[in-house]
Amino acid sequence: IALIFWLLRRRGEHPRDVFIGARPIGSEIKLGIGLTAVVFALAVVVLSAARVLFPALHNVKENPLQDLIQTPAQALILAIVATISGGLREEIQRAFIIHRFEQHLGGAHVGLILYSLVFGIGHSLQGWDAVLTTALLGAFWGWIYITRRSIVAPMVSHSGFNAAEIFVFLVSRR
């Protein structure tokens, strides 16, 4: 995050302009909360469809991150980490990449497609069906950023999604 902020400042750009934009933060937070349910449903549909249509993509029996969730305290710690690394850091990175592609590297949509693929591949530890799902989720969050010019709604939605996933893992263990 510090490197991204430094790179923006080096070009005379203000991180607030790139990441927050002109929209009221309160309405962006509300949108992000609402999008959390949409994203969760999208993930369930994509994962389910992938497992039916392309069963070979389900190459990991159990998500290795589930082993980190044995107690409510561990779930809380993982939720905090997932909120910071997923909801905050990944959305800042996504917006920065899209912003740079828009300026110098072929356009925002090129950046959206390429970064979504990289984002998905970054989740390969969780299985190829998770790669597909996270690539599509990343594309969705990136599209929200492009259309709204704010990371607030994608950040809230991404954080909410990660927290919901952890909650589901914790409840399913009981």
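Structure: see above.
Residues numbered from 1 in each chain as written. Predicted model: local features only at pLDDT ≥ 70, side-chain atom pairs only at ≥ 80, totals over all residues. Heavy atoms only, no water.

Novice: I keep staring at the nonpolar core and nothing clicks. Help me out?
Specialist: Considering soluble globular proteins, one finds that nonpolar side chains tend to be buried as a cluster. Within the largest apolar cluster, 13 residues are counted, with the highest numbers of intra-cluster contacts made by I4, L8, F19, I98, Y145, I146 and I151. At the level of elements, α1 (2–10), α2 (15–19), α4 (72–104), α5 (108–121) and α6 (128–148) are the ones that each hand at least two residues to this core. Counting 11 residues, the second largest nonpolar core, distinct from the first, contains A43, Y115, F140 and I144. (Core = buried A, V, L, I, M, F, W, Y, C linked by side-chain atoms within 4.5 Å. Buried < 20%, exposed > 50% of the residue type's maximum accessible area, 1.4 Å probe, protein only. Helix = DSSP H or I, 4+ residues; strand = E, 2+ residues; numbered from the N terminus.)

Novice: Which parts of the structure should I look at to understand a nonpolar patch on the surface?
Specialist: Among the surface-exposed residues, I1, F5, L76, I80, I84 and L88 lie close enough to one another that they form a single nonpolar patch of about 520 Å² accessible area. For L88, a relative accessible area of 31% translates into the label partly exposed. (Patch = residues over 30% accessible without salt bridge, like charges linked within 9 Å, V, L, I, M, F, W, Y side chains within 5 Å. Areas by Shrake-Rupley, 256 points an atom, 1.4 Å probe, with all protein chains shown as cover. Salt bridge = Lys/Arg side-chain N within 4 Å of Asp/Glu carboxyl O.)

Novice: Would you explain the pattern of salt bridges in this entry?
Specialist: For side chains bearing opposite charge, pairing can occur when the charged atoms are close. By the definition in use, this model includes six salt bridges. Residue R100 is joined to E13 by a salt bridge in which the shortest nitrogen-to-oxygen separation is 2.8 Å. Within this pair, whereas R100 is found in helix α4, its partner E13 is found in the loop between α1 and α2, the two being separated by 87 residues in sequence. Taken as a pair, R100 and E13 share a single burial class, namely buried. R149 serves as the salt-bridge partner of E102, at 2.6 Å between the closest nitrogen and oxygen. Placement of the pair is E102 in helix α4 and R149 in the loop between α6 and α7 (152–173), with a sequence separation of 47 residues. The class for E102 is partly exposed, based on a relative accessible area of 37%.

Novice: Looking at this structure, I do not really get α4. What am I missing?
Specialist: Think of an α-helix as turning once every 3.6 residues; residues three or four places apart then point the same way. Over its 33 residues, α4 runs 46 Å from end to end, which matches the ideal 48 Å to within 8%, given 1.5 Å per residue. Maximal helix bending in α4 amounts to about 30°, located at A82. Looking one or two residues beyond α4, the residue adopting positive phi is G106, at roughly 105°. (Expected span 1.5 Å × (residues − 1). Bend = angle between axes of the 7 residues up to and from the residue.)

Novice: Looking at this structure, I do not really get the packing of α4 against α5. What am I missing?
Specialist: Geometry of a packed helix pair, given as the angle between the helix axes and the separation of the axes. Running from amino to carboxyl end, α4 crosses α5 at an angle of 145°, the nearest separation of the two axes being 7 Å. In terms of crossing hand, the pair formed by α4 and α5 is right-handed. Two secondary-structure elements touch here, α4 through E90, Q93, R94, I97, I98, F101 and E102 and α5 through A108, V110, G111, L112, L114, Y115 and F119. Each residue belonging to the contact of α4 with α5 can be placed in one class, and the counts come to nine nonpolar, two polar and three charged. (Axes fitted to C-alpha atoms, helices over the stretch in contact; angles between N-to-C directions. Left-handed = near helix turned anticlockwise from the far one by under 90°. Contact = heavy atoms within 4.5 Å. Nonpolar A, V, L, I, M, F, W, Y, C, P; charged D, E, K, R; others polar.)

Novice: Would you mind showing me how to read the packing of α4 against α6 here?
Specialist: At a minimum axis separation of 10 Å, α4 and α6 run at an interaxial angle of 65°. For the crossing formed where α4 meets α6, the hand is right-handed. Counted together, E91, R94, A95, I98 and H99 of α4 and G138, W141, G142, Y145 and I146 of α6 form the full contact between these two elements. Residues that form the contact of α4 with α6 fall into these classes: five nonpolar, three polar and two charged.

Novice: Any chance you could explain the packing of aromatic side chains here in plain terms?
Specialist: The geometry of an aromatic ring pair comes down to the distance between the two centres and the angle between the two planes. In the structure shown here, the tally under the stated rule is four aromatic pairs. Residues F5 and F19 carry aromatic rings whose centres are separated by 5.7 Å and whose planes lie at 25° to one another, so their mutual orientation is stacked. Of this pair, F5 sits in helix α1 while F19 sits in helix α2; the two residues are 14 residues apart in sequence, bridging distant segments of the chain. Between F140 and W143 the ring centres are 6.3 Å apart and the planes differ by 35°, which places this aromatic pair in the tilted class. Taken together, the positions of F140 and W143, both in helix α6 and three residues apart, correspond to about one turn of that helix. (Phe/Tyr/Trp six-rings, centres within 6.5 Å; stacked < 30°, edge-to-face > 60°.)

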